[in-house]
Amino acid sequence: MPELPEVETVVRDLNKADVVGKKILDISVNWPKSINSHTPKEFKDHLIGKNFDKITRRGKFIHLHLDDGYSLLIHLRMSGHILIKELDEPINKHEQVLFHLSDKLISFHDPRKFGRITLTKNPNTILDKLGEEPFSEKLTSLYLYEKLQSKKKNMKTLLLDQSFIAGIGNIYADEILFDAKISPLRISNTVTKKESVALLNSIQKILKVAIDKRGTSLGTGESNFRSDGKLGDHGQQLAVFRQTGKKCINCTTPIKKIKVAQRSTHYCPKCQK
DNA sequence: AGTGGCCCCTGGCGGC
DNA sequence: TGCCGCCAGGGGCCAC
């Protein structure tokens, strides 16, 4: 489940892999629906011959800037991965879209086919709908506090809302709320200033640890998420996500699993108020 | 403004 | 062992 740390890792990987400045020589589209802005033919006709200028991240979007001013926005959704492959590597059946460069392949690998690639002249039409970046200087605890006061949603729903803060998904939402000792069911406008400070602190801490972990375990394109609830090669144990029934690391109360906004949600009913 | 339901997909798992 | 059926999960969209 790629969230901000995974997407950040992909972007760093692409930048390290010397993709910037490379020309797109050919494109293979094996699953047309992976491209949600154009038909495969239009997509290819536009992109072949273009160069990648810059690669950045915004929320969970990978933003590939092209030398003609257009942009490719890639959203990995549930199961998408970007693989950087040698030209002669065999193609796996889940590789939905492939960009052929002179010396490598950039492959969009997506078994569940939820991910989407958008080619657009105006990426801001999409990106401006996103909330602040978790590490943006604009995201202060006071800003967060005031934004929480202006809503009456439960905290889990708000953290998952990409127009509120960009980049947080189901795993980290649970981990962040546990770390901040705030219940996922807490209504946002009851959160205090002090709790807002803790929340911002937890958002940045949890995401930073995750980004740092991913940095040690990437490159293979394999999912870092494992069903045993561990992340990355070094197996950082999650505090609550998929830890249903296990003892809370703070108070030993069993971790509870509930549904909030159609999402599985894990929390400590004693620690999180 | 906020909530709930549906849809897109398929690997994986529980039940039998 | 094998098969069937169900579900998770991000986000868009629509109805209320």
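Residues numbered from 1 in each chain as written. Chains lettered and ligands numbered in written order. Predicted model: local features only at pLDDT ≥ 70, side-chain atom pairs only at ≥ 80, totals over all residues. Heavy atoms only, no water.

Undergrad: Please clarify how the overall build of chain A should be interpreted in this entry.
TA: When helices and strands are counted, chain A shows seven helices and 12 strands. For 273 residues, the compact-globule formula gives about 19 Å, and the C-alpha radius of gyration of chain A, at 20 Å, lands near that figure. Looking at the 273 residues of chain A, the share that counts as buried comes to 52%. Within chain A, contacts between residues separated by at least 24 positions form 63% of all contacts whose residues are at least 6 apart in sequence. (Helix = DSSP H or I, 4+ residues; strand = E, 2+ residues; numbered from the N terminus. Rg over C-alpha atoms; globule rule 2.2 N^0.38 Å. Buried < 20%, exposed > 50% of the residue type's maximum accessible area, 1.4 Å probe, protein only. Contact = heavy atoms within 4.5 Å.)

Undergrad: Help me out: how do you make sense of the protein's contact with DNA strand B in this one?
TA: Around DNA strand B, the neighbouring residues are W31, K33, H94, P111, R112, K113, F114, K151, K152, K153 and Q262. Looking at DNA strand B alone, sugar and phosphate atoms form 56% of those within 4 Å of the protein. Residue K113 places a side-chain N or O atom 2.5 Å away from a phosphate oxygen belonging to DNA strand B. Split into classes, the residues belonging to the surface near DNA strand B amount to three nonpolar, two polar and six charged. (Near = heavy atom within 4 Å. Polar contact = N/O pair within 3.5 Å; in protein donor to acceptor, adjacent residues only side chain to side chain. Nonpolar A, V, L, I, M, F, W, Y, C, P; charged D, E, K, R; others polar.)

Undergrad: Hey, could you run me through helix α2 (residues 40-47) in this one?
TA: Since the α-helix packs 3.6 residues into each turn, any two residues three or four apart lie on the same face. Taken as a whole, α2 has its buried residues at F43, H46 and L47. Taken end-on, α2 shows its buried residues confined to a sector of 85°, consistent with a single buried face. Every exposed residue of α2 that faces more than 90 degrees away from the buried side is listed here: K41 and D45. Check the buried side of α2 and you find it contacts β1 (26-29), β3 (61-66), β4 (71-75), β6 (95-100) and β8 (116-120). Note on α2: the residue one or two positions beyond its end, G49, has a positive phi of about 100°. (Arc of directions from axis to C-beta.)

Undergrad: It is not clear to me how the sheet that holds β4 should be interpreted in this structure. Could you clarify?
TA: Remark on secondary structure: sheet strands pair via backbone hydrogen bonds, oriented parallel or antiparallel. Spatial ordering of the open sheet is given by β2-β3-β4-β8, a layout of four strands whose pairing is antiparallel. Each edge of the sheet is formed by a strand with only one pairing partner; in this case those strands are β2 (52-58) and β8. Each neighbouring strand pair of the sheet contributes to a mean axis angle of 20°, computed without reference to strand direction. Most of the contacts of helix α1 (residues 4-16) go to β2, to which it runs at about 165°, and overall it touches β2 and β3. Here α2 sits on the sheet in contact with β3, β4 and β8, set at roughly 55° to β8. (Pairing = 2+ DSSP bridges. Axes fitted to C-alpha atoms, helices over the stretch in contact; angles between N-to-C directions.)

Undergrad: Help me understand the nonpolar core in this model?
TA: A general trend in soluble globular proteins is that nonpolar side chains are found buried together. Judged by nonpolar contacts, the single largest core of 28 residues is most densely connected at F43, L47, I62, L72, I82 and F99. Sorting elements by how many residues they give to this core places α1 first, with four residues. Ignoring any residue separated from it by four or fewer positions in sequence, one finds F43 in contact with I27, I35, H38, L72, V97, F99, I117 and L119. One finds I176, A180, I203 and F241 within the second-largest nonpolar core, a separate group that totals 25 residues. (Core = buried A, V, L, I, M, F, W, Y, C linked by side-chain atoms within 4.5 Å.)

Undergrad: Is there a simple way to think about helix α4 (residues 141-149) in this case?
TA: The complete set of buried residues in α4 reads L144, Y145 and L148. The buried residues of α4 occupy an angular sector of 100° when the element is viewed end-on, so they sit on one face. Structurally, α4 contributes buried residues whose contacts are with α5 (155-160) and α7 (193-214).

Undergrad: Just to check I follow, could you spell out the pattern of salt bridges for this structure?
TA: Charged atoms that come close allow side chains of opposite charge to pair. One pass over the structure, following the stated rule, counts 15 salt bridges. Note that R57 and E8 form a salt bridge whose closest N and O atoms lie 2.6 Å from each other. Within this pair, whereas R57 is found in strand β2, its partner E8 is found in helix α1, the two being separated by 49 residues in sequence. Among the residues examined, R57 registers a relative accessible area of 18% and is labelled buried. Residue E8 is classed as buried on the basis of its relative accessible area of 15%. Two residues, K41 and D45, come together in a salt bridge whose shortest N-O distance is 2.6 Å. One end of the pair, K41, and the other, D45, are both in helix α2, four residues apart, so they sit about a helical turn from each other. The pair formed by K41 and D45 is uniform in burial state, with each residue classed as exposed. Through salt bridges that share partners, E8, R12, R57, R58 and E133 make up one connected network. (Salt bridge = Lys/Arg side-chain N within 4 Å of Asp/Glu carboxyl O.)

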